[in-house]
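# Per-entry structural report
Chain by chain, the residues:
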Amino acid sequence: MVNAERLAETFRSLAAIGSVSRREGALAADLRCRLEALGAEVRFDDTAAKTGSNTGNLMARLKGSRQAPALLLNAHMDTVLPGEGIAVRFEEGVFRSDGKTILGADDKSAIAVILEALNVLREKNIAHGPVEILLTTCEEIGLAGARHLDSGSITAPYGYALDGSDTEGIIIQAPSANRFEIRVIGKDAHAGAHPENGINAIHLAAKGMTDLTIGRIDWETTCNIGWIEGGTATNVVPALVTLRGEARSHDEAKLQSVTAGILAAFERVINAYREGRPPDELPRLETRVERSYSGTRIPPEHPLVDLARRAAQKLGRGMRTKISGGGSDANIFFEKGIPLGILGTGMREIHTVREYIRLEDMIRAVELLLEIIQLHFFAPGKKNPKLKL
Ligand SMILES: [Zn+2]
């Protein structure tokens, strides 16, 4: 049923439209035309002012042929850098960039998959319930589009985010995450004339770093310091170093203790230096911790998991439940009370210039989505209490 050529062409043309975070406007305009041509009602929300994007989130609604609860399909329009001037290559069934940019299969493969599914629904006149399609902005920069979305505009009780790799897996658990900033404040001085008057913030920050356990803490917990800045010149004792990092865990208590442990390592260094000195004297530490997102935990017996499993079964495929180490729009929707299972489209090596995707995997994703949409419509009454036929 899937038109492989049409799917390939859709993906190719979407991938060629640059849409790095906050500059999703051109892609959004293109998608509006495509969705309207498929019979969907399209509107944009007013989140642009809050996210700094040149467009709001795109919300499309496809009326069902009969009354039933809506199903939510979610993908994000933005990509990471380098994502301008993408030259899409297609050889031996695999899409890649020319190696100078990302490909943007994350997450345009999902958008192409959704569009192809809508094409098939229309072409084959397949009965289905209402489908709500939410294409967000700024997912890659802190899930900002989803975060600012007014979820009151969504009627679907649950749905799927197409933003994974595995076409036979569904992610139902994702970690909570904190991000933090640490400012080590020393004291400047001429490095040659009066170094004893200075306090070297780089040296203190380095000592703090050496004390840390970094990377993978255990099977469900990670942390990272991924950004550092400090110093002004080789002949100045540096007065300031800023470090930024994050911690993630599927266990809330571990997340808090890892985050606190990192800050404490720097505090120990500062306190050791200050020992025996007046309390208001430098060096000093300034820290800030913010919540990035809260964890997702969808029970394996949730109707959305069951639905994906039955859809896969109809295709003679497996569907394993998985946990993810990353955050996505699905974390935000879970907080807002709309659980989304994350399905895969086959995207590989995302966020690198080696990113690629097989057309065959996208076809499989469309096939699965079509089964899901049809089974959802005909789901037994007890699983979908609002279902009226
Ligand atoms: Zn993504």
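Attention in this report is confined to the structure presented alongside it. (Residues numbered from 1 in each chain as written. Predicted model: local features only at pLDDT ≥ 70, side-chain atom pairs only at ≥ 80, totals over all residues. Heavy atoms only, no water.)

Quick look at the overall build of the protein now. Secondary structure assignment for the protein yields 10 helices and 17 strands. Taking all 389 residues of the protein together, 52% fall into the buried category. Here the contacts in the protein between residues at least 6 apart in sequence split such that 79% fall between residues at least 24 apart. Of the accessible surface of the protein, which amounts to about 17,300 Å², a share of 50% is contributed by carbon and sulfur atoms. Each charge class in the protein can be summarised by its mean position, and for the 48 positive and 50 negative side chains these summaries are 4 Å apart. (Helix = DSSP H or I, 4+ residues; strand = E, 2+ residues; numbered from the N terminus. Buried < 20%, exposed > 50% of the residue type's maximum accessible area, 1.4 Å probe, protein only. Contact = heavy atoms within 4.5 Å. Areas by Shrake-Rupley, 256 points an atom, 1.4 Å probe, with all protein chains shown as cover. Lys, Arg positive; Asp, Glu negative; His and termini not counted. Charge placed at Lys NZ, Arg CZ, Asp CG, Glu CD.)

Our next topic: unusual backbone geometry. The residue after L81, namely P82, is reached through a cis peptide bond having omega -10°. Among the structural elements, P82 can be located in the loop between β3 (71–76) and β4 (89–91). Residue D107 is reached from D106 by a cis peptide bond, and omega for that bond is 20°. With respect to the helices and strands, the residue D107 is situated in helix α4 (residues 105–123). Unlike most non-glycine residues, R22 shows phi in positive territory, near 80°. Here R22 shows up in the loop between α1 (4–16) and α2 (25–37). The phi angle at N125 is positive, at roughly 55°, despite the residue not being glycine. Locating N125 in the fold gives a position in the loop between α4 and β6 (131–136).

This next bit is on the layout of surface pockets. Its volume calculated, the largest pocket comes out at about 800 Å³. The set of elements that each furnish at least two residues to the lining of the largest pocket consists of β7 (159–164), β9 (176–185), β11 (221–230), β12 (240–249) and β13 (284–293). Of the residues assigned to the lining of the largest pocket, the class counts are 9 nonpolar, 14 polar and 9 charged. (1 Å grid on protein atoms, 1.4 Å probe; cavity = no way out; pocket = protein on both sides within 12 Å on 5 of 7 lines; lining within 4 Å. Points joined across faces, edges and corners; volume = space filled by probe spheres on them. Nonpolar A, V, L, I, M, F, W, Y, C, P; charged D, E, K, R; others polar.)

A few words on the sheet that holds strand β10 (residues 215–218). The 5 strands lie next to each other as β10-β11-β12-β9-β13, forming an open sheet whose pairing is antiparallel. The two strands at the open ends of the sheet, each matched to only one other strand, are β10 and β13. Going from strand to strand, the sheet's axes swing by 20° on average, the running direction of each strand aside. In terms of strand pairing, β9 meets β12 through 10 bridges, oriented antiparallel. Across the sheet, residue N178 finds its bridge partner in β12, namely A247. The sheet strands contacting helix α6 (residues 201–210) are β9, β11 and β12, and the helix crosses β12 at an angle near 20°. Helix α7 (residues 252–274) rests against β9, β10, β11, β12 and β13 of the sheet, and its axis sits at about 5° to β9. (Pairing = 2+ DSSP bridges. Axes fitted to C-alpha atoms, helices over the stretch in contact; angles between N-to-C directions.)

Looking now at the packing of α1 against α4. For the pair α1 and α4, interaxial distance at closest approach is 9 Å and the crossing angle is 140°. Classed by the angle they form, the pair α1 and α4 counts as oblique. For the pair α1 and α4, the crossing hand works out as right-handed. Contacts from R6, L7, T10, F11, L14 and A15 in α1 reach A105, K108, S109, I111, A112, V113, L115, E116, N119, V120 and E123 in α4. In terms of residue class, the contact of α1 with α4 is made up of 10 nonpolar, 3 polar and 4 charged. (Parallel < 35°, antiparallel > 145°, perpendicular 65-115°, else oblique. Left-handed = near helix turned anticlockwise from the far one by under 90°.)

Keep in mind these numbers describe shape, not what the thing actually does.
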